[in-house]
Amino acid sequence: MATIAHEIPQVAPEEVNYLNVEHGWKSWLLTTDHKRIAMLYLFSITAMFFVGGLMAVLFRINLLQPEGIFSPETYNRLFSMHGIVMVFLFLVPSIPATLANFLIPIMVGAKDLAFPRVNLLSWYLYIAGAAFTLYAIVRGGVDTGWTFYAPYSSTYSNSYVLAAAMGIFIAGFSSILTGLNFIVTVHKMRAPGMTWGRLPLFVWSNYATGLIQVLGTPVLAITMLLLAFERIAHVGIFDPNIGGDPILFQHLFWFYSHPAVYIMILPGMGVISEIVSCFSKKRIFGYNFVAFSSMAIAVLSFVVWGHHMFVTGESVYTGLAFSFLSFMVAVPSAIKVFNWTATMYKGSISFDTPMLYVFGFIGLFTIGGLTGLHLATLATDVATHGTYFVVAHFHYVMVGGMVMAFLGGLHFWWPKMTGRLYPEGWSKFSALIIFIGFNLTFFPQFILGYLGMPRRYQSYPPEFQALNVLSSAGASILGIGYLIPMIYFVWSWKYGPKAGSNPWGAAGLEWQIQSPPTTFNFDETPIVKEEAYNYGKLEEILG
Amino acid sequence: MWASSFPFADLQLFPVAASKQATQIDQLYWFITAVSAVMTLLIFACLLAFAWKYRRRVQVESTQIEGSTKLELTWSILPFLVMLIMFAWGAQLFFAAQNPPKDAMEIFVTGKQWMWKVQYPNGGSEINALHVPVNQAVKLTMASEDVIHSFSIPVFRVRHDVMPGHYNSLWFTPTKPGHYHLFCTEYCGMEHSGMVGWVDVLNDRDYANWLAGGGTGTAGSLVEQGRSIFMQNGCSTCHLQDQQGRCPVLRGLYNKPVQLADGRTVIADDAYIRESILEPNAKIAAGFQPNIMPVYKGQLTEANVIQLIAYIRSLSPNEPASQQGDQQRPVVIAPTDANSSNSGTSR
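Residues numbered from 1 in each chain as written. Chains lettered and ligands numbered in written order. Predicted model: local features only at pLDDT ≥ 70, side-chain atom pairs only at ≥ 80, totals over all residues.

### Thoughts on the overall build of chain B
Line of reasoning, step 1. Secondary structure assignment for chain B yields 7 helices and 12 strands.
Line of reasoning, step 2. In chain B, which comprises 347 residues, the proportion classed as buried is 35%. (Helix = DSSP H or I, 4+ residues; strand = E, 2+ residues; numbered from the N terminus. Buried ≥ 20, exposed ≤ 12 C-beta atoms within 10 Å, placed from the backbone.)

### Looking at the overall build of chain A
Line of reasoning, step 1. Of the regular secondary structure elements, chain A holds 18 helices and 2 strands.
Line of reasoning, step 2. The C-alpha radius of gyration computed for chain A amounts to 23 Å, which stays within 12% of the reference 24 Å derived for 543 residues, consistent with globular compactness.
Line of reasoning, step 3. A separation of at least 24 residues holds for 85% of the contacts in chain A among residues at least 6 apart in sequence. (Rg over C-alpha atoms; globule rule 2.2 N^0.38 Å. Contact = placed C-beta atoms within 7 Å.)

### Overview of the domain arrangement of chain B
Residues and elements named next belong to chain B.
Line of reasoning, step 1. For chain B, the assigned domains read domain 1 (105–213) and domain 2 (222–314).
Line of reasoning, step 2. Measuring from the centre of the C-alpha atoms in domain 1 to the corresponding centre in domain 2 gives 26 Å.
Line of reasoning, step 3. Each side of the interface is counted separately: domain 1 has 12 residues, and domain 2 has 10 residues.
Line of reasoning, step 4. For the side of domain 1 that touches domain 2, the elements supplying multiple residues, two or more each, are β1 (105–112), β2 (115–119) and β5 (138–144).
Line of reasoning, step 5. Looking at the side of domain 1 that touches domain 2, its residues break down into 5 nonpolar, 5 polar and 2 charged. (Domains from an automatic or database assignment. Nonpolar A, V, L, I, M, F, W, Y, C, P; charged D, E, K, R; others polar.)

### Some words on the packing of helix α4 (residues 222–232) of chain B against helix α7 (residues 302–314) of chain B
Residue and element names in this part refer to chain B.
Line of reasoning, step 1. Packing of α4 against α7 brings their axes to within 7 Å, and their N-to-C directions diverge by 100°. One element, α4, and the other, α7, form an angle in the roughly perpendicular class. Taken together, the residues of α7 that come into contact with α4 (itself represented by Leu222, Val223, Gln225, Gly226, Arg227, Ile229 and Phe230) are Asn304, Gln307, Leu308, Ala310, Tyr311 and Ser314.
Line of reasoning, step 2. Counted by class, the contact of α4 with α7 contains 7 nonpolar, 5 polar and 1 charged residues. (Axes fitted to C-alpha atoms, helices over the stretch in contact; angles between N-to-C directions. Parallel < 35°, antiparallel > 145°, perpendicular 65-115°, else oblique.)

### Digging into the interface of chain A and chain B
Line of reasoning, step 1. Counting residues at the interface gives 80 residues for chain A, matched by 76 residues for chain B.
Line of reasoning, step 2. Ranked by residues supplied to the side of chain A that touches chain B, first place goes to helix α12 (residues 316–344) of chain A with 14 residues.
Line of reasoning, step 3. Here the residues of the side of chain A that touches chain B are counted per class, giving 45 nonpolar, 27 polar and 8 charged.

### A few points about the sheet that holds strand β9 (residues 178–184) of chain B
Residues and elements named next belong to chain B.
Line of reasoning, step 1. One open sheet holds the 5 strands; their spatial order is β4-β10-β9-β6-β7, and the pairing between them is mixed. Strands with a single pairing partner mark the edges of an open sheet, and in this sheet they are β4 (129–133) and β7 (158–162). Between one strand and the next, the sheet's axes are offset by a mean angle of 20°, whatever the strand orientation.
Line of reasoning, step 2. Relative to β7, strand β6 (residues 149–153) runs antiparallel, the two sharing 5 bridges. (Pairing = 2+ DSSP bridges.)

### Observations regarding the sheet that holds β1(B)
Strands pair in a sheet through their backbones, by hydrogen bonds, and they do so in one of two ways: parallel or antiparallel.
Residue and element names in this part refer to chain B.
Line of reasoning, step 1. As summarised here, the arrangement of the 5 strands in space is β3-β2-β1-β5-β8, forming an open sheet in which the pairing is mixed. The open sheet has two edge strands with one neighbour each: β3 (125–127) and β8 (168–172). With strand direction ignored, the average angle separating the axes of adjacent strands in the sheet is 20°.
Line of reasoning, step 2. With 3 bridges joining them, β2 and β3 adopt antiparallel strand pairing. Note that in β3 the partner of Val118 across the bridge is Glu126.

### A word on the pairing of β1(B)
Residue and element names in this part refer to chain B.
Line of reasoning, step 1. Counting buried positions along β1 yields 7 of 8 residues, so the element is predominantly enclosed.
Line of reasoning, step 2. Two strands pair when backbone bridges link them, and β1 and β5 are joined in this way by 7 bridges, in the parallel orientation. In the strand pairing of β5, Met105 is matched with Val138.
Line of reasoning, step 3. Here 5 bridges tie β1 to β2, and the two strands are oriented antiparallel to one another. Following the sheet pairing, Thr110 is matched in β2 by Lys117.
Line of reasoning, step 4. Between the antiparallel neighbours β1 and β2 lie 2 residues.

### Some words on the confidence of the model for chain B
Residues and elements named next belong to chain B.
Line of reasoning, step 1. For chain B, per-residue confidence averages 85 on the pLDDT scale, and 86% of positions sit at 70 or higher.
Line of reasoning, step 2. The low-confidence segment residues 1–5 (pLDDT under 50) makes 6 contacts with residues lying over four places distant or belonging to another chain.
Line of reasoning, step 3. Predicted complex, confidence summary: ipTM 0.93, pTM 0.89. (pLDDT = per-residue confidence, 0-100.)

### Observations concerning the pairing of strand β10 (residues 196–202) of chain B
In regular strands, side chains alternate between the two faces of the sheet.
Line of reasoning, step 1. As judged from the 5 bridges shared by β4(B) and β10(B), these two strands associate in the parallel manner. Each residue of the ladder has a partner; that of B:Leu130, found in β10(B), is B:Val199.

### Considering the packing of helix α13 (residues 353–376) of chain A against helix α15 (residues 388–418) of chain A
Geometrically, a packed helix pair is captured by the angle between its two axes and the distance between the axes.
Residue and element names in this part refer to chain A.
Line of reasoning, step 1. Packing of α13 against α15 brings their axes to within 8 Å, and their N-to-C directions diverge by 160°. Looking at the two axes, α13 sits roughly antiparallel to α15. In this structure, α13 crosses over α15, and the sense of that crossing is left-handed.
Line of reasoning, step 2. Residues belonging to the contact of α13 with α15 are distributed by class as follows: 16 nonpolar, 11 polar and no charged. (Left-handed = near helix turned anticlockwise from the far one by under 90°.)

### Regarding the nonpolar core
All names here are of chain A.
Line of reasoning, step 1. Among the nonpolar cores identified, the biggest contains 262 residues, and Leu103, Ala164, Val203, Ile272, Ile275, Val358 and Phe361 are the most heavily contacted of them.
Line of reasoning, step 2. Here the element with the most residues in this core is α15; it accounts for 20 residues.
Line of reasoning, step 3. Setting aside its immediate chain neighbours within four residues, Val203 contacts Ile104, Met107, Val108 and Val186. (Core = buried A, V, L, I, M, F, W, Y, C linked by C-beta atoms within 7 Å.)

### Quick look at the confidence of the model for chain A
Parts of the model with low pLDDT should not have their predicted coordinates read in detail.
Line of reasoning, step 1. On average, residues of chain A score 94 in pLDDT, and 96% of them are at 70 or above.
Line of reasoning, step 2. Taken element by element, the predicted model of chain A shows its lowest mean pLDDT in strand β1 (residues 2–3) of chain A (56) and its highest in α15(A) (98).

### A closer look at unusual backbone geometry
Line of reasoning, step 1. Cis geometry is found at the peptide bond from A:Ser515 to A:Pro516, where omega equals -15°.
Line of reasoning, step 2. Positionally, A:Pro516 belongs in the loop between α17 (465–495) and β2 (527–528).
Line of reasoning, step 3. The residue after B:Gln289, namely B:Pro290, is reached through a cis peptide bond having omega -20°.
Line of reasoning, step 4. The residue B:Pro290 is located in the loop between α6 (270–278) and α7 in this model.
Line of reasoning, step 5. The backbone of A:Phe148 sits at a positive phi, close to 50°, despite the residue not being glycine.
Line of reasoning, step 6. Of note in this structure, A:His234 is not a glycine but carries a positive phi near 50°.

### Brief notes about helix α5 (residues 116–139) of chain A
Residue and element names in this part refer to chain A.
Line of reasoning, step 1. For α5, built from 24 residues, the straight-helix expectation of 34 Å at 1.5 Å per residue is met to within 8% by its first-to-last C-alpha distance of 35 Å.
Line of reasoning, step 2. Considered for burial, the residues of α5 that qualify are Asn119, Leu120, Ser122, Trp123, Tyr126, Gly129, Ala130, Phe132, Thr133, Ala136 and Ile137.
Line of reasoning, step 3. Tucked inside the fold, the buried residues of α5 contact α2 (34–62), α3 (72–91), α4 (94–108) and α7 (161–188).
Line of reasoning, step 4. Downstream of α5 by one or two residues, Gly140 has phi in the positive range, about 135°. (Expected span 1.5 Å × (residues − 1).)

### Observations regarding the environment of A:Asp523
Line of reasoning, step 1. On the secondary structure map, A:Asp523 appears in the loop between α17 and β2.
Line of reasoning, step 2. Distance from A:Asp523 to A:Leu483, taken between C-alpha atoms, is 38 Å for residues 40 residues apart in sequence.

### Observations concerning the environment of A:Trp504
Line of reasoning, step 1. Note that A:Trp504 resides in the loop between α17 and β2.
Line of reasoning, step 2. Separated by 92 residues in sequence, A:Trp504 and A:Phe412 have C-alpha atoms that sit 8.3 Å apart.

### Some words on the environment of B:Ile267
Line of reasoning, step 1. Of note, B:Ile267 is situated in strand β12 (residues 265–267).
Line of reasoning, step 2. A count of 19 C-beta atoms within 10 Å places B:Ile267 in the partly exposed class.

Okay, structure coming up:
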């Protein structure tokens, strides 16, 4: 907890904050305030979430019937665009570009990120990347899957591969710049007394994520360029008919895309650490281990990509190495789950909405992570690769994990970011709907996968229909669950009760300033004298 | 809207195990699942217990606990040791899956958008169907004509990607007669979900009937089909009848080491022969520079190549059909080596 040089007065209704200090579209589109940029991103990624979600609703409708409903061409475009939009335009930026953008400067005691204008540039690059991708969708879509495997994508597909690849190429730079900004900010802009060992774990997680973004995304960029080159000029990089190697594409693609999945979970883990400590009124159990586990995940994430290729024809010894390393990367994730659970031990637990999302995350991420063991094991991967088992696994960790963490974080910091409270009854209700809808959608897919149902299938054998119907029913419930917060968050912006600076009684620099914060966050640079999550002392002070 | 019968009537929750490999893999699958279930239940139990016992009550404060290195090490090392068991067990089964028995029946599969062509040693072929006898090891050697496909038979728990420009193989020993699905499981374009078929595992009597019935249409054995292509495409001119030593002799070549013009030594296995037919400039045998063999890529399908390989193998009659060559001195095929090689193969 920080000791600030002088008292911050309690929130008054008409005080100046980052939202009302300036008006007009120029003040938003040319802003360099990290908080406004975070809001620009929040609006954009939410829009993309619903685009990607709509595609999922459509193809889950198709999967109600064994013979399908849409044509295969349409279906193939739907699942491809769903993956591309959800991975590159929603999950990768999600928490870093919104919550972390907003909070990291405040959490370290700074006025803004290290490079505010680069932050704005990062948003514009995201918009440009999204524009190319939306162009591809509107013109008829891509049908290669989000994985773009060659030679189908380089030589055979008749869809808008170039537009989509360029969209991803551009959006990748948005990700690199965000990561770079975070790394420099955490190194160079911590307030006096804010040592590495006192940083909130949310900062550690996003720092580790930034490292992956900066080191890994350039490989994606090069891969997309090579793919474009091959498609335009038929050089012979990936097409075996002209001397290329399709497996080269897979190595290049997964070298980024595996670390990318850790970009898509680490920030969520940081959110969970913040929420679980606040709503247990307890410091995180094993702070050092949780902080270092983020770094271990970032490092190990770069050496496991070959587990996507066990059955493609990589050498068995290569497979052996990647299998072993994949088991190693499971350990730091497990450490986090145990530490969060242990944090609740002898805590004082309240069940506000953010904490409900924490329970959901820990449960669903545990299941998703454990099914990763079936996939890391060579022999069982042979039986499950390319089936719905994989689809279920990654949705459990990315949706049951990351999206739940994102929603939890949104609910936790909404009062800080907007100065408003959302309706607690509706928020608890929608959390429950989301949990039920999610499990109904994805648990049957584990069963379908081991039965052998392949992924990316527009039609399937009739005996798989029952499980597919359950899954589609779940998807409709999940969709409703996601719509409800959209509605009440928008409602709360105007009509929600005003929030004070610390409605949850939480520790952390962000809760010591007004809600919403002023443009430069602090009137004076805070001086940090306590470690993070000092809930013991906080109770004395807050009474 | 529904399929012909109420969908839940067909509901299956676990696949049949119809091969030796399937039974073994299922054991490992259940081990991993059991460990996962125990871990999940433990965590859920703790969460529920703590949520109840430590729910917020006005008079009760939280206890600030920094951590416990002992606990951290325990719950890191113990799970990792259990995971090592999964790793080792999985690796062992995986290695076994790479090594088919010497007496495995070899069947060839070509994948192309969007169908599977299966070729049998007796020369028969089928589309999207595979007939195999029970209790007999079968090795599938596979290639793609176009994009990456993946051949999978869920009840056998086998799968391998099927690549263009490359042979891949898998093997299995079916143990239960039945009618089972085969699927393409690597997205390959429009009719990916149509690239499916049926595997029939037949008991001995039914298999004999199927062979006798000639249901697949035999036009001679695979070897005879290969010889016919060999003649029609002019291969015999150089490779069997030529007395001037313009090209490497094929008799006795299969699975022997070959010294190349660039100094490397390679084994004349299936992949080498395939490449030599489709891209003869890739590996030129020592003494045969510059290459005068025409390029057959685009003129022969993968199915034709399979037939040719069967014929060329038959020219080395004592070689087992394996991918591993024997360790021998390289046979340098020099231009002056005037082997008479035209017995029984005149046009």
